[in-house]
Amino acid sequence: MANPLSTLKRIYFSVYNWALFYGWAQVLYLAVKTIKESGIEHVYDAVEKPLFLSQTAAILEIAHSLIGLVRSPVSATVPQIASRLFLVWGILYNIPEVRTSVLVSSLVISWSITEVIRYSFFGMKELLGITPSFLTWLRYSSFLVLYPSGISSEVGVIYLALPYIKSSELFCVRMPNKWNFTFDSFYFSLLALAIYVPGSPHMYTYMLGQRKRALSKSKRE
């Protein structure tokens, strides 16, 4: 007899993964459609709602990792989710001047292809207990191209936003104040860019290790 908690967990992750698959598939479809019909400068407006909803929902993945529902290490999950939330809510939501850049389009395309593959992979795994070999290969190989394109786009968007962050003093907290606290979003953004220097190779190496293990296991099976 199946463990009720195990069954409940499987149902939850099936719903979660397929819901996020649908969200990111919608982002990808709208992005490609808009590029063909209207041009890259209109991509953000077309994908804004499903992009924000799908990316914000990924906060749950930090919770999944923290409470041990998944094996993904918190050290790998938090930086990825945090950097994306910073880009989506911190920059794209607040700085319209960067939204028409080709970098936003490449970011959206890179993210959405990555997530459509990832969530369909885990959705199939939870729903059926198996994944097709082609999907396994895509899950652990597509990042070889999509991760560099996504990271490059993220860095480029932050860089483009720097002058607007500095001039608007977005989210800045100046002294004196009752909390005796100061915060400068311009220098925070520079710090975020600096973190990409050691962080990106670390994540890429981590994913290469995952790829080697997953594809070796797939061949044995």
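Residues numbered from 1 in each chain as written. Predicted model: local features only at pLDDT ≥ 70, side-chain atom pairs only at ≥ 80, totals over all residues. Heavy atoms only, no water.

## A look at the nonpolar core
Going by this rule: We define a nonpolar core as any set of buried Ala, Val, Leu, Ile, Met, Phe, Trp, Tyr and Cys residues linked to one another through side-chain atoms lying within 4.5 Å. The buried label goes to any residue with under 20% of its type's maximum accessible area, the exposed label to any with over 50%, and the partly exposed label to all in between, with areas taken from a 1.4 Å probe on protein chains only. A run of H or I in DSSP counts as a helix once it spans at least four residues, and a run of E counts as a strand once it spans at least two, with each numbered from the N terminus. Contacts are assigned to residue pairs with any non-hydrogen atoms lying within 4.5 Å of each other.
In this structure, Trp24, Leu51, Leu87, Ile91, Val108 and Val157 are the most contacted members of the largest nonpolar core, which totals 43 residues. Listed by contribution, the elements that provide at least two residues to this core are helix 1 (4–37), helix 2 (43–57), helix 4 (74–92), helix 5 (102–128), helix 7 (143–168) and helix 8 (185–220). If near-sequence neighbours (up to four positions away) are discounted, Leu87 is found in contact with Leu92, Leu107, Trp111, Glu154, Val157, Ile158 and Tyr196. Core analysis: the second largest hydrophobic core is formed by 5 residues, Phe121, Leu135, Ala214 and Leu215 among them.

## Regarding helix 5
The criterion, for reference: Here the expected span of a helix is defined as 1.5 Å times the quantity of residues minus one. Whenever a nitrogen or oxygen atom comes within 3.5 Å of another N or O atom, the pair is scored as a polar contact, on the condition that within protein one atom can donate a hydrogen and the other can accept it, and that pairs from neighbouring residues in sequence are kept only if both atoms are in side chains.
Over its 27 residues, helix 5 runs 39 Å from end to end, which matches the ideal 39 Å to within 8%, given 1.5 Å per residue. Among the residues of helix 5, the N-terminal cap falls to Ser101, whose side-chain oxygen and the backbone nitrogen of Leu103 are separated by 3.0 Å. Of the residues flanking the end of helix 5, it is Gly129, one or two places downstream, whose phi is positive at about 85 degrees.

## Remarks on a nonpolar patch on the surface
Short version of the rule: Within the patch definition used here, like charges are joined within 9 Å and nonpolar side chains (Val, Leu, Ile, Met, Phe, Trp, Tyr) within 5 Å, considering only residues with over 30% relative accessible area and no salt bridge. Using a 1.4 Å probe, the Shrake-Rupley method yields the accessible areas, and only the shown protein chains count as cover for residues. The term salt bridge refers to a pairing of a side-chain nitrogen on Lys or Arg with a carboxyl oxygen on Asp or Glu at a separation within 4 Å.
Taken together, the side chains of Leu66, Ile67, Val74 and Val78 present a nonpolar region at the surface, about 350 Å² in accessible area. Mapped onto the secondary structure, Leu66 falls in helix 3 (residues 59–66). Note on Leu66: relative accessible area 60%, which makes it exposed.

## Re the packing of aromatic side chains
As a reminder, the rule being used: Only the six-membered ring of Trp is used, alongside the rings of Phe and Tyr, when aromatic pairs are assigned; centres must lie within 6.5 Å, and planes under 30 degrees apart are stacked while those over 60 apart are edge-to-face, with the rest tilted. Whether a charge lies above a ring is judged from NZ of Lys or CZ of Arg, which has to be within 6 Å of the ring centre and within 35 degrees of the ring normal.
What the rule picks out here adds up to 15 aromatic pairs. Ring plane angle 55 degrees and centroid distance 5.6 Å describe the contact between Phe183 and Phe188, whose orientation is recorded as tilted. Looking at Phe183, the relative accessible area reads 27%, which means it is partly exposed. Members of the aromatic cluster, each reached through a chain of ring pairs, are Tyr12, Phe13, Tyr16 and Tyr119. In this structure, Arg139 is placed above the aromatic ring of Tyr140, and the distance from its NZ or CZ to the ring centre is 4.9 Å.

## Focus: unusual backbone geometry
Residue Pro176 follows Met175 across a cis peptide bond; omega there is -5 degrees. Of note in the backbone geometry, Glu169 takes a positive phi value of approximately 55 degrees without being a glycine. Its location among the elements puts Glu169 in the loop between helix 7 and helix 8. One non-glycine residue, Asn180, adopts positive backbone phi at about 55 degrees. Taking relative accessible area as the criterion, Asn180 reaches 59% and is therefore assigned exposed.

## Concerning the packing of helix 1 against helix 5
Each packed pair of helices is defined by two parameters, the angle between the axes and the distance between the axes. This is how it is decided: Helix axes are fitted only over the stretch in contact, all axes being lines through C-alpha atoms; the angle between N-to-C directions runs from 0 to 180 degrees. Angles are sorted into four bins: roughly parallel if under 35 degrees, roughly antiparallel if over 145, roughly perpendicular if 65 to 115, and oblique for all others. The handedness criterion is simple: a crossing whose near helix is rotated anticlockwise from the far helix by less than a right angle is left-handed, and one whose near helix is rotated clockwise is right-handed. For this classification, the nonpolar set comprises Ala, Val, Leu, Ile, Met, Phe, Trp, Tyr, Cys and Pro, the charged set comprises Asp, Glu, Lys and Arg, and every other residue, Gly included, is treated as polar.
Interhelical geometry of helix 1 versus helix 5 gives an angle of 150 degrees and a closest axis separation of 8 Å. As summarised for this structure, helix 1 and helix 5 are arranged roughly antiparallel, according to the angle between their axes. Crossing hand, helix 1 versus helix 5: left-handed. In the contact of helix 1 with helix 5, the residues fall into 22 nonpolar, 5 polar and 4 charged.

## Let's talk about the side chain of Ser101
Relative to the elements of secondary structure, Ser101 occurs in the loop between helix 4 and helix 5. Polar contacts involving the side chain of Ser101 include one to the main-chain amide nitrogen of Leu103, which spans 3.0 Å.

## Side note on the side chain of Ser200
The topology assignment puts Ser200 in helix 8. Looking at Ser200, its side chain comes within polar contact range of the main-chain oxygen of Tyr196, at 2.8 Å.

## Some remarks on the environment of Ser168
Within the secondary structure, Ser168 sits in helix 7. Given a relative accessible area of 46%, Ser168 falls into the partly exposed group. Here the alpha-carbon distance between Ser168 and Lys217, two residues 49 residues apart in the chain, equals 52 Å. At a separation of 2.7 Å, a polar atom in the side chain of Ser168 contacts the main-chain carbonyl oxygen of Tyr164.

## Some points on the confidence of the model for the chain
Note the cut-off: You can read pLDDT as the predictor saying how much it trusts each residue, on a scale of 0 to 100.
Looking at the chain as a whole, the pLDDT averages 92, with 98% of positions reaching at least 70. Summarising per-element confidence for the chain, the mean pLDDT is lowest in helix 8 (89) and highest in helix 2 (97).

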